[in-house]
Amino acid sequence: MQVIKRSFIALLLVLSVLCSSCFALAKTQADGESSGIGLLEIQSNRHTMQENETKASNRLTLENYEKMLENSSLEIWFNSSLDSLRIVDKSNGYIWGGLPDEDGTGLNSGWKNFANSLCSIEYFNSNASESRLSISESDVKSFYEWDDTGFLCTFNASKIGIVFDFKMTLNDYSVSFEVVEDSLQENGDARLKSLYFIPFMGSTYQDEINGYTFIPDGCGALIRFSKSSSYVTGFEGKVYGLDGSIDSLAPAGTLQANRINEYLVDPYTVTVPVFGVAHGSEQNAFFGVIENGCEYTSVVASPAGVVTDYNWVSARFDYRRLYTKIISGSGIPVIQETANNMCPKLTFYFLNGKEANYSGMANTYRKLLIEEGVLNAEKKDTDIPLRLEFVGSTVKKGFIFNRVKTLTKPEEAIEIIDKLGSGGIENMAVVYRGWQKGSTDKSTYGKLKISSKSGLNKLNETISANDSSLYLYLDPVLANEKQVYKSSDTAIGIDESFISRTSANRDQMFSVKYYAKISRILDVLKLTDKKFGTWNFAFDSLGGTVYSDYSKKNSYSRTESIAAITQALEAKEKVALYNPNVYCWKYTDDYFNIPVNNSQFQYETDTVPFLQMVLKGSVDYYSDFLNQGYCSESTILKLVEYGVYPSYITMAADNYSLSNTAISDYFSICFDDWEDEILSVYEKVNKALSVVEGCYITEHKALYDGVVRVTYSNGTVIYVNYLSEAVTVDGKTIEPEQFLICSE
């Protein structure tokens, strides 16, 4: 009965949204505005909205605060009774901090302390229940030692036996907070769960000022400040994705009230450890960068209406998690015994003027990554590359035994490449799947044998002659149950079970995939060096999946897994990775499946190309397969807007050959059906993006809803018009559903 009731309520909510949307559309059209590609689409959170130019006033004061430090850019003010900071941007006098006053609006004592404090912790009691404690509370004794660069503070929660030191450092344009290494003590039954630094930095009460929160969801998302709404939850994105050894990997299989996307899909992985807040349009902003402890941190953002009426965002450093252990058939909650080994560090960069927005945040992050040697300038091509993935073979269901089904022979792939070359596409990143004996889904894990070496050699020669790249597809992380020996190949979780993931589509041939031991992944990577030294690989899952491995022999923490994988990648000459985390970018030559949307949580208001702005000019990045969804004019315009190269998956066989195979989800990939579209889409995107090859994006801005301006480092400006009528901006007219290139 409850299931029926919930389903009925969900249906009413959907109908309510549809009715409201239809009313809004009807009103807009009655007012004489164009619907263009679709006003509902343009004004959805899949696009960037026009900025509100209302000036954001300074809502904080320095009353009861004492100035402790300053440099040429910033001032640090401190309130010892509240253990609270104010940070002043000296360029314009704007004040950053938590609540405007000690009490806040509508907050209980626990939330007041949390919102005002420099540092707060969450901890587990002996019965596995959770509690929170802030440095300003009476149960915590704090001791500060100030010098000319910052302070050292002792957080002493003597009643529960948790003690640690943390420090603040004033830098040129930023302020850093970090826990002192080896300072954590746990002298009682309580165990430290998590830690926050200034969680309400930049917080606002409902829509008291104009602005937004930036979160690293998908390619980037904004949550614009608004009046409180009844959201079920806020955003919680674990940096670098869930840890399969302790986090639940259940698929998206239930209707969630805080999601509005039409398909039940998993949210995007947080691939970069950043977040931000903007107050006003191009007025004031800060950009938070998690510098240490990233792999054990979650970015949490709460829009007004989730528990409190405040908009706030922070980094939560997780020392421990609660997990379920099966004992005698029953699950019991168990506290992670050993704390994650990390020294949390969070730095706030303060931006103002033209840089005080998501574009400025991306510019700041790109500069930081260049300084760290993570990003470099890429080569400049005459034409953009096209990513083309061939399915060489797959597994087909048999009456008794499954068999290998050939879908694209290497010589057939050569014919397809020649056809595209005749059509004007010569620069390609080619991936060949199913090159192994047994294909991708039937070959034994760790056994790398080529089924047609002479054919692949000819394919490689053809592609190399055009100065393009051939990658052999390989997933060294995930394998199905027919490919692995669980005891020797599969990683072990903290609950001593094999780590696996089940697809929401149980009708798939291999709906359950197992995670390989970290030691076995390293063995496979070494084997690719030893047996395939001159070949390039496109590694699926490797760059965007990280987990601990509790195997009794060769165990790895999440930190150790990252170190081992990146060391192995460093030995590779050329690598392609699928939606990789930032620690892999240094070793990524081609970035496949870059997101062009956010996860479409209900509270997200905009999608912004943060990842693209950071990567453009340093790494070639490509879309998901355009022939596995509805590729419309809007899709092509978004590729141009975000600087994304097109991608297709294809085969020589007809589409009927996909039935009863491991890749039956790819409903249409026959090249003959897609040749004309591939040539057409490439021509359109290449016309725009070839002009900015090797350049980076300096600014992305929505001039109106549906009209965007993208500025590049070489002075080129690309205008994109999603509307069905011509618009004139900056003295230039952009035709309906078209883009306009203006070069210096």
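Thresholds applied
- Throughout this description, residue numbers start from 1 for each chain and increase along the sequence as written.
- Residues qualify for local features only when their pLDDT is at least 70, as the model is predicted, and side-chain atom pairs are given and counted only at 80 or more; totals for whole chains, interfaces and linings, by contrast, use all residues.
- Hydrogens and water molecules were not included; the side-chain quantities draw on all heavy atoms of the structure.
- Each patch is built from residues that are more than 30% exposed by relative accessible area and take part in no salt bridge. Like charges join if they lie within 9 Å; nonpolar side chains (Val, Leu, Ile, Met, Phe, Trp, Tyr) join within 5 Å.
- Each accessible area is a Shrake-Rupley result for a 1.4 Å probe, and residues are judged covered by the shown protein chains and nothing else.
- Throughout this description, the term salt bridge denotes a Lys or Arg side-chain nitrogen within 4 Å of a carboxyl oxygen of Asp or Glu.
- Exposure is judged per residue with a 1.4 Å probe applied to protein chains only, and the accessible area is read against the type maximum: over 50% gives exposed, under 20% gives buried, and values in between give partly exposed.
- Two strands qualify as a pair provided DSSP detects at least 2 bridges between them.
- For the purposes of this entry, the term helix denotes a DSSP run of H or I that reaches at least four residues, the term strand denotes a run of E that reaches at least two, and both are numbered from the N terminus.
- Here the axes come from fitting lines to C-alpha atoms, over the contacting stretch only for helices, and the angles between their N-to-C directions go from 0 to 180 degrees.
- In this scheme, a helix's expected span is set at 1.5 Å multiplied by one less than its residue total.
- The term polar contact refers here to a pair of N or O atoms within 3.5 Å; inside protein, the definition further demands a hydrogen-donor-capable atom paired with an acceptor-capable atom, and it admits residues adjacent in sequence only when both atoms are side-chain atoms.
- Here pLDDT means the predictor's own confidence in every residue, given as a number from 0 to 100.
- Here a residue-residue contact requires only that any non-hydrogen atoms of the pair lie within 4.5 Å.
- Disulfides are defined as pairs of cysteine sulfur atoms found within 2.5 Å of each other.
- Here, the term nonpolar core denotes a set of buried Ala, Val, Leu, Ile, Met, Phe, Trp, Tyr and Cys residues that are joined through side-chain atoms within 4.5 Å.
- Each aromatic pair joins two rings of Phe, Tyr and Trp (for Trp, the six-membered one) with centres within 6.5 Å, and gets the label stacked for planes under 30 degrees apart, edge-to-face for over 60, and tilted for any other angle.
- Here, a charge over a ring is recorded when the distance from Lys NZ or Arg CZ to the ring centre is within 6 Å and its angle to the ring normal is within 35 degrees.

> With reference to specific residues and values, describe a nonpolar patch on the surface.
A surface patch of nonpolar side chains, about 490 Å² in accessible area, is lined by Phe-399, Ile-400 and Phe-401. Judged by relative accessible area, which is 68%, Phe-401 ranks as exposed.

> Residue-level account of the sheet that holds strand β30 (residues 500-502), with values.
Sheet strands pair via backbone hydrogen bonds, and the direction of the pair is either parallel or antiparallel. A sheet is described by the order of its strands in space; here three strands give the open sequence β29-β31-β30, paired in antiparallel fashion. Only two strands of the sheet have a single partner each, and these edge strands are β29 (478-480) and β30. Direction aside, neighbouring strands of the sheet carry axes that sit 35° apart on average. Note that β29 and strand β31 (residues 512-515) share three bridges and pair antiparallel. Residue pairing across strands places Leu-478 opposite Tyr-515, the latter belonging to β31.

> Lay out helix α4 (residues 358-371) in plain terms, naming residues and giving numbers.
Because each turn of an α-helix spans 3.6 residues, side chains separated by three or four positions end up pointing in the same direction. Over its 14 residues, α4 runs 20 Å from end to end, which matches the ideal 20 Å to within 8%, given 1.5 Å per residue. Those residues of α4 not exposed but buried are Tyr-358, Ser-359, Gly-360, Met-361, Ala-362, Asn-363, Thr-364, Tyr-365, Arg-366, Leu-368 and Leu-369. Its side-chain oxygen at 3.1 Å from the backbone nitrogen of Ser-359, Asn-357 defines the N-terminal cap of α4. Phi turns positive, to about 80°, at Gly-373, one or two residues after α4.

> Account for helix α10 (residues 558-570), with residues named and values stated.
Here α10 spans 18 Å end to end across 13 residues, near enough to the 18 Å set by a 1.5 Å rise per residue. By the burial criterion, the buried members of α10 are Arg-558, Ser-561, Ile-562, Ala-564, Ile-565, Thr-566, Ala-568 and Leu-569.

> Lay out the confidence of the model for the chain with the relevant residues and their values.
Put simply, the chain has an average pLDDT of 91, and 93% of its residues get 70 or more. Scored below 50 in pLDDT, residues 1-36 makes 16 contacts in the model with residues more than four places away or belonging to other chains. Confidence drops under pLDDT 50 across residues 253-263; counting only partners more than four residues distant or on other chains, this segment forms 25 contacts.

> I'd like a rundown of the sheet that holds strand β37 (residues 645-650), residues and numbers included.
Read once around its circumference, the closed barrel built from eight strands follows the order β24-β27-β28-β32-β33-β34-β36-β37, with strand pairing classed as parallel. For this sheet the average axis-to-axis angle between neighbouring strands, irrespective of direction, equals 25°. Alignment of strand β32 (residues 536-539) against strand β33 (residues 575-578), held across three bridges, turns out to be parallel. When the bridges of β33 are listed, Ala-538 appears paired with Ala-576.

> So what's going on with the state of the cysteines? Which residues, and what values?
Counted by the stated rule, this structure contains zero disulfides. In this structure Cys-294 is a free cysteine whose sulfur lies 12 Å from that of Cys-343, the closest cysteine sulfur available. Cysteine Cys-584 is unpaired, with the sulfur of Cys-294 as its nearest cysteine sulfur at 13 Å.

> How would you sum up the nonpolar core? Please name residues and give values.
Nonpolar side chains tend toward joint burial in soluble globular proteins. Counting residues in hydrophobic clusters, the biggest one holds 199 residues, and the most contacted among them are Tyr-365 and Trp-585. It is helix α13 (residues 671-689) that contributes the most residues to this core, eight residues altogether. In this structure, Tyr-365 is in contact with Val-272, Pro-273, Val-274, Phe-287, Val-289, Val-582, Phe-610 and Val-614, ignoring residues within four places of it in sequence.

> Describe in detail the packing of aromatic side chains, supporting the description with residues and values.
Under the counting rule described, the total for this entry stands at 46 aromatic pairs. Here the aromatic rings of Trp-111 and Phe-200 are separated by 6.3 Å at their centres, their planes lie at 55°, and the arrangement is tilted. Of the two residues, Trp-111 is situated in helix α3 (residues 109-116) and Phe-200 in the loop between β12 (191-197) and β13 (204-205); the sequence distance between them amounts to 89 residues. Each member of the pair, Trp-111 together with Phe-200, is buried. Ring centres 6.1 Å apart and planes at 80° place the aromatic pair Phe-114 and Phe-200 in the edge-to-face group. With a gap of 86 residues between them, Phe-114 in helix α3 and Phe-200 in the loop between β12 and β13 connect regions that are remote in the sequence. Judged on exposure class, the residue Phe-114 and its partner Phe-200 are both buried. Taking the ring centre of Phe-592 as reference, the NZ or CZ of Arg-387 above it sits at 4.4 Å.

> Tell me about the side chain of Glu-51, residues and numbers included.
With respect to the element layout, Glu-51 can be found in the loop between α2 (39-42) and β1 (66-70). According to the relative accessible area criterion, Glu-51 is buried, its value standing at 14%. Among the polar contacts listed, one links the side chain of Glu-51 to the side chain of Arg-224, at a separation of 3.4 Å. Apart from residues lying up to four places away in sequence, Glu-51 is in contact with Tyr-212, Arg-224, Ser-281, Tyr-358 and Ala-702.

> So what's going on with the pairing of strand β10 (residues 174-179)? Which residues, and what values?
A large share of β10 lies buried, amounting to six of its six residues. Taking every second residue as pointing to the same face, both faces of β10 are buried, with Ser-174, Ser-176 and Glu-178 on one and Val-175, Phe-177 and Val-179 on the other. In this structure, strand β9 (residues 162-170) lies alongside β10, joined through five bridges in antiparallel fashion. For Phe-166, the partnering residue across the bridge sits in β10 and is Val-179. The antiparallel pairing of β9 with β10 creates a hairpin that spans three residues between the two strands. Bridge count for β10 against strand β23 (residues 345-352) is five bridges, and the pairing is antiparallel. Bridging across to β23, Ser-174 finds its partner in Tyr-349.

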